[in-house]
Amino acid sequence: MRLPNPVREIRTINRLLTGAEAEANKAGEIMPGAEHLLLSALALPDGSARRAFERLGADPDELRSAIASQYADALRAIGIEPVSDDALNAAAGAGVTSGKGVFRSTASAQTVFRAAVDLAKTERPSRLVGAHVVAAVARMEHGTAARALRVMRIDRHALAAAAAQELDAGRT
Amino acid sequence: MVNLNEIPPPDDPAEALAAVIALRRLADRLERAAVAQAIRDGWTWQQVAEALGVTRQAAHKHHAQRTTDHPRKETP
């Protein structure tokens, strides 16, 4: 029988949130969104988030460029030729940092994080892994993360099923 | 030049809202880049605030930590 490991759980949560913040800052944003949590989940050492994508034949490393693509597509849809993020971030000089203290995130990230933790709590023993975050993001119909998945031609229902399969595989 | 006829119609709210998010993001980056350039050019926070239509405190709070350059000394 596997016993709950609160220290491991805290370490995973810390890794997930710190990683999401770093992804957001790297993209020039102060607060992470659902898409940054997903990127962070893909980097978790348990590997289940990446495997969920790979089960669908999708390359998880393409998510970052898919996020950028959906922003560019949205601007082109209203007749604006997008400016590269790198150019604008370079012009802004200093990088963006979230500052120290309490972790702050956008509503979409909060929704995904809560849903992922709730999903993890249904497991006995509870253990948060990347596939929980993938499953939580797959519930979202709209927003940046959902649009990025569509750019990657990933059906969110299929991704939810792949995440569930990963979680099942992790239990055995 | 933005062609207003190409703006997504309200009957496609998903596309329109995605455009809103992308515009906000673009505006935020453009603001940061422009403020950083203004400060490098010697603008005071008062001048930056005036151009943005916000208070000096708001401009300073929002941007001061994000720029490594320092504005010229302001008279109180």
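What you see is a predicted model; the values in this text were computed from it and never measured.

1. Digging into the overall build of chain B
Counting its secondary structure elements, chain B contains three helices and zero strands. In chain B, of all internal contacts separated by at least 6 residues, the share reaching a separation of at least 24 is 52%.

2. Observations concerning the overall build of chain A
In terms of regular secondary structure, chain A is built from nine helices and zero strands. In chain A, the succession of α and β elements from N to C terminus is α-α-α-α-α-α-α-α-α. In summary, chain A has a C-alpha radius of gyration of 16 Å against a globular reference of 16 Å for 172 residues, a match within 12%. The principal-axis extents of the C-alpha atoms in chain A amount to approximately 55 × 35 × 25 Å. For chain A, buried positions account for 41% of its 172 residues. A separation of at least 24 residues holds for 71% of the contacts in chain A among residues at least 6 apart in sequence.

3. Structural notes on the nonpolar core
Formed by 43 residues in total, the largest nonpolar core has its most connected members in Leu37(A), Leu38(A), Val133(A), Val134(A) and Val137(A). Where this core is concerned, the elements lending two or more residues are α1 (6–26), α2 (34–42), α3 (48–55), α4 (63–76), α6 (107–121), α7 (130–138), α8 (144–151) and α9 (156–171) of chain A. The residues touching Val137(A), leaving out its near neighbours within four places in the chain, are Ala34(A), Leu38(A), Val112(A) and Ala145(A). One finds Val35(B), Ala38(B), Trp45(B) and Ala49(B) within the second-largest nonpolar core, a separate group that totals nine residues.

4. Here's the deal with the confidence of the model for chain B
Taken over all residues, the pLDDT of chain B has a mean of 82, while the share at 70 or more is 71%. Here helix α3 (residues 56–63) of chain B is the element of chain B with the lowest mean pLDDT, 90, and helix α2 (residues 45–52) of chain B is the one with the highest, 97.

5. Remarks on unusual backbone geometry
Note: most residues except glycine have negative phi, and most peptide bonds are trans. Residue and element names in this part refer to chain A. Cis rather than trans, the peptide bond between Arg124 and Pro125 has omega equal to -5 degrees. Mapped onto the fold, Pro125 is located in the loop between α6 and α7. The backbone phi angle of Arg153 is positive, close to 60 degrees, even though this residue is not glycine. Inspection of the secondary structure assignment puts Arg153 in the loop between α8 and α9. Among the residues examined, Arg153 registers 10 C-beta atoms within 10 Å and is labelled exposed.

6. Looking at α6(A)
All names here are of chain A. Here α6 spans 21 Å end to end across 15 residues, near enough to the 21 Å set by a 1.5 Å rise per residue. Every buried residue of α6 is listed here: Ser108, Ala109, Val112, Phe113, Ala116, Leu119 and Ala120. Projected onto a plane normal to the axis of α6, the buried residues spread over an arc of 130 degrees and lie on a single side. Facing away from the buried side of α6 by over 90 degrees, the exposed positions are Ala107, Arg114, Asp118 and Lys121.

7. Here's the deal with the packing of α3(A) against α9(A)
All names here are of chain A. For the pair α3 and α9, the least separation of the axes is 8 Å and the interaxial angle reads 130 degrees. With respect to α9, the element α3 is oriented oblique. The interaxial crossing formed by α3 with α9 has right-handed handedness. Contacts from Ser48, Arg51, Ala52 and Arg55 in α3 reach Leu159, Ala162, Ala163, Gln165, Glu166 and Gly170 in α9. A breakdown of the residues in the contact of α3 with α9 according to their chemical character gives four nonpolar, three polar and three charged.

8. With respect to the packing of α2(A) against α6(A)
All names here are of chain A. The contact between α2 and α6 brings their axes to 7 Å, and the two run at 45 degrees. Put simply, α2 runs oblique to α6. Facing α2, whose interface residues are Ala34, His36 and Leu37, α6 presents Ser108, Ala109, Val112 and Phe113. Partitioned by chemical class, the residues of the contact of α2 with α6 number five nonpolar, two polar and no charged.

9. What to know about α7(A)
All names here are of chain A. Counting buried positions over the nine residues of α7 gives nine, a clear majority of the element. Restricting attention to buried positions, one finds in α7 the residues Gly130, Ala131, His132, Val133, Val134, Ala135, Ala136, Val137 and Ala138. Buried residues along α7 sit against α1, α2, α3, α6, α8 and α9.

10. Points about the environment of Tyr71(A)
Within the fold, Tyr71(A) resides in helix α4. If sequence neighbours within four positions are ignored, Tyr71(A) has contacts with Pro82(A), Ala22(B) and Arg25(B).

So, how was this worked out
- Residues numbered from 1 in each chain as written.
- Chains lettered and ligands numbered in written order.
- Predicted model: local features only at pLDDT ≥ 70, side-chain atom pairs only at ≥ 80, totals over all residues.
- Helix = DSSP H or I, 4+ residues; strand = E, 2+ residues; numbered from the N terminus.
- Contact = placed C-beta atoms within 7 Å.
- Rg over C-alpha atoms; globule rule 2.2 N^0.38 Å.
- Buried ≥ 20, exposed ≤ 12 C-beta atoms within 10 Å, placed from the backbone.
- Core = buried A, V, L, I, M, F, W, Y, C linked by C-beta atoms within 7 Å.
- pLDDT = per-residue confidence, 0-100.
- Expected span 1.5 Å × (residues − 1).
- Arc of directions from axis to C-beta.
- Axes fitted to C-alpha atoms, helices over the stretch in contact; angles between N-to-C directions.
- Parallel < 35°, antiparallel > 145°, perpendicular 65-115°, else oblique.
- Left-handed = near helix turned anticlockwise from the far one by under 90°.
- Nonpolar A, V, L, I, M, F, W, Y, C, P; charged D, E, K, R; others polar.

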